[in-house]
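One letter stands for each residue in the lines below.
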Amino acid sequence: MKKSTVQLTPAHVEPKVYEDHWNTDGSAHVKAPKWAKYQSITASEFPSPFRGKTDPLAHQIGKFVERIDMLRPEKDGPAYLGKNAALSYTYPDVKNVAINQKMGDLDTVLDEVVELFEGLPNWGSPLAMCNVIPQSNTAAIIASMLSQVFSANILEGEYAQNVHKAELETAGMIGNLFGWDPVKAGAIYTWGGGGCWTYGTKYGLTRVLPNSRTKGVRTDAKVICSQQAHFVQLNATDWTGLGSDNIVHVRTDPDTNQMDVEHLEEILKGFKADGTPVATIVCTMGTTDASAIDPIRKVREVMDRYPNPKGYGKTVLYADAVVGWSWVYFATYDFENNPLEFSDRILPILKQNGDAMKDLMVADAVGIDFHKVGWSPYVSSCFVYKDAEEFENLHRWGGDSYLQVRTPYNPMYHTLEVSRTASGSLAGWTTLKYFGMEGMQAILGGILETKYYLYDLIKTHPEMICVNPDDTGLITLFRAYPEGVDAAAQYKKELNDESARDDLIKHNKLTHAIGDKLYEWFRAGKKIDGKYTPYMSFSTGFRNTRYNIDGTDPDAVIYALKAFPMNVFVTPEIMKWALHCVNAAKAEVLKS
Ligand SMILES: *Cc1c(COP(=O)(O)O)cnc(C)c1O
């Protein structure tokens, strides 16, 4: 420090200089330094701390309502926002950018934000049916926006105050739904279904390897899941330091895609014999595409018969229900009286799904994604656990010096994250409150009615075949063959008969090309007969053929077009139109 050159200002002068920067209303004086003038501008554009009609935030939101409307298409417009759905940047050159020297103009910056949304899929469009991506419900959007306005931080009670009820009451409401003691249950809103998987893995590591929190993971404990489990198993085992080599896959039934409990038992027997501990067993309660639900009650029975060796804790049973969880709303539906008047067609399916989800109660912890089949904005995934006292004590660290405990609930002491947005907890909680039981049952059942409508429509096209007729989820997977081909007979051959392998591969290529063509049309804003085409997707192998059960032949798999209409604006006309466009895309592909 060059102490000698510092000119010490007399104490009575410095406060006066600073005071002279400001007018009595708090704005910067004309002679004030530039920084003070900037501060003045910023203060006039930050949200007002006080009530009144001059709030810049309220004013901008007012303007924004118009901007939001301008992003949306006219009625019957394309399934994207804005005017042009093409990508407007080149990668990686896009990163060749620096911060502007001058402060930005608020309106201009906000206009630039709006531009970023050009071309984003419009999830509310009835033409959008590509994946498990719903439009968010109004209540949840407003709730999560409110969290942004007032910056609730749910790391601890002092900065969350009553906003914490959103997370705590989620634990109660979901706990009740699962048949747990709601007061004993706990919940942590976290970063996606991937975060939930990671929490599930960590719960097992902490419980089973008692010293791992301080000494590190030094034992090759296993994480067991089915062959159909989500790929996020890799992140969870990698980032917790366990290593993905410690994942053990249980075979799945080739038709139902469910975990084979006999194989699980063999695996557990082997580990018992050689003294290997199992940290976590994961049941996928609704796989992403096939909606397969693992038999979790049987898994619980089997695992309880093979406890870990002495010195290790009890294996955690985690249910990855992030995409399938909402079926639990049908666990208590009155199927006898059918108050929501669902068709006889779907009642048995609703019952089957509801019954399967009843067994969530035997899990130690469950992951649920409100942003999937919950119509909520990101990020609102929730890791819910049955025994809050155990989970929270197991993962607790001590206090620290700069945060004081002011309320009884301070999750930062047991969560992976420190600061957490309340956006997720408010979105989830609001969704539970807004839909209630019947609202959620109606929207789910409604999609299932649409799915079977589509199934029947596909049947009227002899050149098309639905290839997942037994799946009880919301997705329709189907193949479109050239005109004149009897799709049912052809598909049967391709699925069962190795002699049809060449045909299979040829038609897989066709499926892929139709899927790509539809995507190209969607992005280009293509119209057929004056109408925009749907936004759909496809799977490059949703199952293996029967002569390739173990998957050794990477090409002997079934490709399929995928329709996942999950918004409330879908109509029978739209579904008919989607199939019409599939045929148009097929014709175009076969022409070239
Ligand atoms: C989507 C999904 C995940 C990953 O969830 P994110 O919310 O995308 O992180 C995990 N498991 C299953 C079964 C899923 O469908």
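Residues numbered from 1 in each chain as written. Predicted model: local features only at pLDDT ≥ 70, side-chain atom pairs only at ≥ 80, totals over all residues. Heavy atoms only, no water.

(A) Quick look at the overall build of the protein chain. Helices and strands together make up the secondary structure of the protein chain, namely 18 helices and 13 strands. Dimensions of the protein chain, computed from C-alpha atoms along their principal axes, come out at roughly 95 × 70 × 55 Å. The long-range fraction of contacts in the protein chain, counting pairs at least 24 apart against all pairs at least 6 apart in sequence, stands at 71%. Surface exposure of the protein chain reaches about 30400 Å², of which carbon and sulfur atoms provide 55%. Each charge sign in the protein chain was given a centre, from 60 positive and 72 negative side chains, and these centres are 4 Å apart. (Helix = DSSP H or I, 4+ residues; strand = E, 2+ residues; numbered from the N terminus. Contact = heavy atoms within 4.5 Å. Areas by Shrake-Rupley, 256 points an atom, 1.4 Å probe, with all protein chains shown as cover. Lys, Arg positive; Asp, Glu negative; His and termini not counted. Charge placed at Lys NZ, Arg CZ, Asp CG, Glu CD.)

(B) Region of interest: the pairing of strand β6 (residues 365–369). In terms of burial, β6 is largely enclosed, as 5 of its 5 residues are buried. Side-chain alternation along β6 places Ala365, Gly367 and Asp369 on one buried face and Val366 and Ile368 on a second face that is also buried. On the question of chirality, the crossover connecting strand β5 (residues 316–320) to the parallel β6 by way of helix α13 (residues 347–358) is right-handed. When β6 meets strand β7 (residues 381–385), the two strands line up antiparallel, connected through 5 bridges. When the bridges of β7 are listed, Ile368 appears paired with Cys382. (Buried < 20%, exposed > 50% of the residue type's maximum accessible area, 1.4 Å probe, protein only. Right-handed = clockwise from strand over helix to strand, strands pointing away. Pairing = 2+ DSSP bridges.)

(C) Region of interest: the environment of Ala28. Its location among the elements puts Ala28 in the loop between α1 (14–19) and α2 (34–45). By relative accessible area, Ala28 is classed as buried at 16%. Spatially, the C-alpha atoms of Ala28 and Ile41 are 8.9 Å apart, while their sequence positions differ by 13 residues. Beyond its immediate sequence surroundings of up to four residues, Ala28 is in contact with His21, Trp22, Asn23, Ala36, Lys37 and Ser40.

(D) How the structure looks around a nonpolar patch on the surface. There is a patch of nonpolar side chains on the surface, built from Val109, Val113, Leu116, Phe117 and Leu120 and spanning about 430 Å² of accessible area. You can see Val109 is positioned in helix α4 (residues 106–116). (Patch = residues over 30% accessible without salt bridge, like charges linked within 9 Å, V, L, I, M, F, W, Y side chains within 5 Å. Salt bridge = Lys/Arg side-chain N within 4 Å of Asp/Glu carboxyl O.)

(E) Structural view of the sheet that holds strand β9 (residues 476–480). The strand order across the open sheet formed by 4 strands is β8-β9-β13-β12, and the pairing between neighbours is antiparallel. In this open sheet, the two edge strands, each paired with only one partner strand, are β8 (464–466) and β12 (537–544). On average, each strand axis in the sheet is tilted by 45 degrees relative to the strand beside it, whichever way the strands run. Strand direction decides the pairing type here: β8 and β9, joined by 3 bridges, are antiparallel. Each residue of the ladder has a partner; that of Ile465, found in β9, is Arg479. (Axes fitted to C-alpha atoms, helices over the stretch in contact; angles between N-to-C directions.)

(F) Examining the packing of helix α8 (residues 192–208) against helix α10 (residues 232–239) more closely. Contact geometry of α8 with α10 gives a least axis separation of 9 Å together with a crossing angle of 45 degrees. Judged by the inter-axis angle, α8 sits oblique to α10. In this structure, α8 meets α10 at a crossing whose hand is right-handed. Within the contact between the two elements, α8 uses Gly194, Trp197, Thr198 and Thr201 and α10 uses Val232, Gln233 and Ala236. Its residues assigned to classes, the contact of α8 with α10 comprises 3 nonpolar, 4 polar and no charged. (Parallel < 35°, antiparallel > 145°, perpendicular 65-115°, else oblique. Left-handed = near helix turned anticlockwise from the far one by under 90°. Nonpolar A, V, L, I, M, F, W, Y, C, P; charged D, E, K, R; others polar.)

(G) Molecular detail of the state of the cysteines. Summed over the entire model, instances satisfying the criterion amount to 0 disulfides. The thiol of Cys581 is unpaired, and the distance to the nearest cysteine sulfur, on Cys130, comes to 15 Å. (Disulfide = S-S within 2.5 Å.)

(H) Up close: the layout of surface pockets. Approximately 970 Å³ is the volume found for the second largest pocket. Looking at the second largest pocket, it is lined by 40 residues, and the ones nearest its centre are Gln227, Gln228, Ala229, Thr287 and Phe542. Where the lining of the second largest pocket is concerned, the elements lending two or more residues are α8 and β12. Among the elements that take part in the lining of the second largest pocket, β12 stands out by supplying 5 residues, more than any other. (1 Å grid on protein atoms, 1.4 Å probe; cavity = no way out; pocket = protein on both sides within 12 Å on 5 of 7 lines; lining within 4 Å. Points joined across faces, edges and corners; volume = space filled by probe spheres on them.)

(I) Up close: the domain arrangement of the protein chain. Domain parsing of the protein chain yields domain 1 (195–321) and domain 2 (446–591). Placing the centre of domain 1 and that of domain 2 at their C-alpha centroids yields a distance of 34 Å. Taken together, the contact between domain 1 and domain 2 spans 6 residues of the former and 9 residues of the latter. In terms of surface lost to domain 2, no three residues of domain 1 exceed Pro254, Asp255 and Asp289, which account for 63% of the buried area on that side. At the boundary of domain 1 and domain 2, one finds 3 salt bridges. Across the pair Arg543 and Asp255 runs a salt bridge whose closest N-O atoms are separated by 3.8 Å. Along the contact surface separating domain 1 from domain 2 lie 2 residue pairs in polar contact (both at pLDDT 80 or more). In terms of residue class, the side of domain 1 that touches domain 2 is built from 2 nonpolar, 2 polar and 2 charged. (Domains from an automatic or database assignment. Buried area = accessible area lost by both parts, 1.4 Å probe. Polar contact = N/O pair within 3.5 Å; in protein donor to acceptor, adjacent residues only side chain to side chain.)

(J) Representation of the pattern of salt bridges. Taken as a whole, this structure holds 27 salt bridges when the rule is applied. In this structure, the salt-bridge partner of Asp76 is Lys75, at a minimum N-O distance of 3.5 Å. Like Lys75, Asp76 is exposed. The closest approach of N and O atoms between Arg345 and Asp456, which form a salt bridge, is 2.9 Å. On the criterion of sequence distance, the pair formed by Arg345 in the loop between β5 and α13 and Asp456 in helix α15 (residues 423–459) is long-range, its members being 111 residues apart. When its relative accessible area of 36% is taken as the criterion, Arg345 is described as partly exposed.

(K) Up close: α13. The terminal C-alpha atoms of α13 lie 16 Å apart, and with 12 residues this matches the ideal 16 Å at 1.5 Å per residue to within 8%. Considered for burial, the residues of α13 that qualify are Leu347, Ile349, Leu350, Asn353, Gly354 and Met357. Within α13, the buried residues cover an arc of 165 degrees as seen down the axis, which keeps them to one side. Against α15 lie the buried residues of α13. (Expected span 1.5 Å × (residues − 1). Arc of directions from axis to C-beta.)

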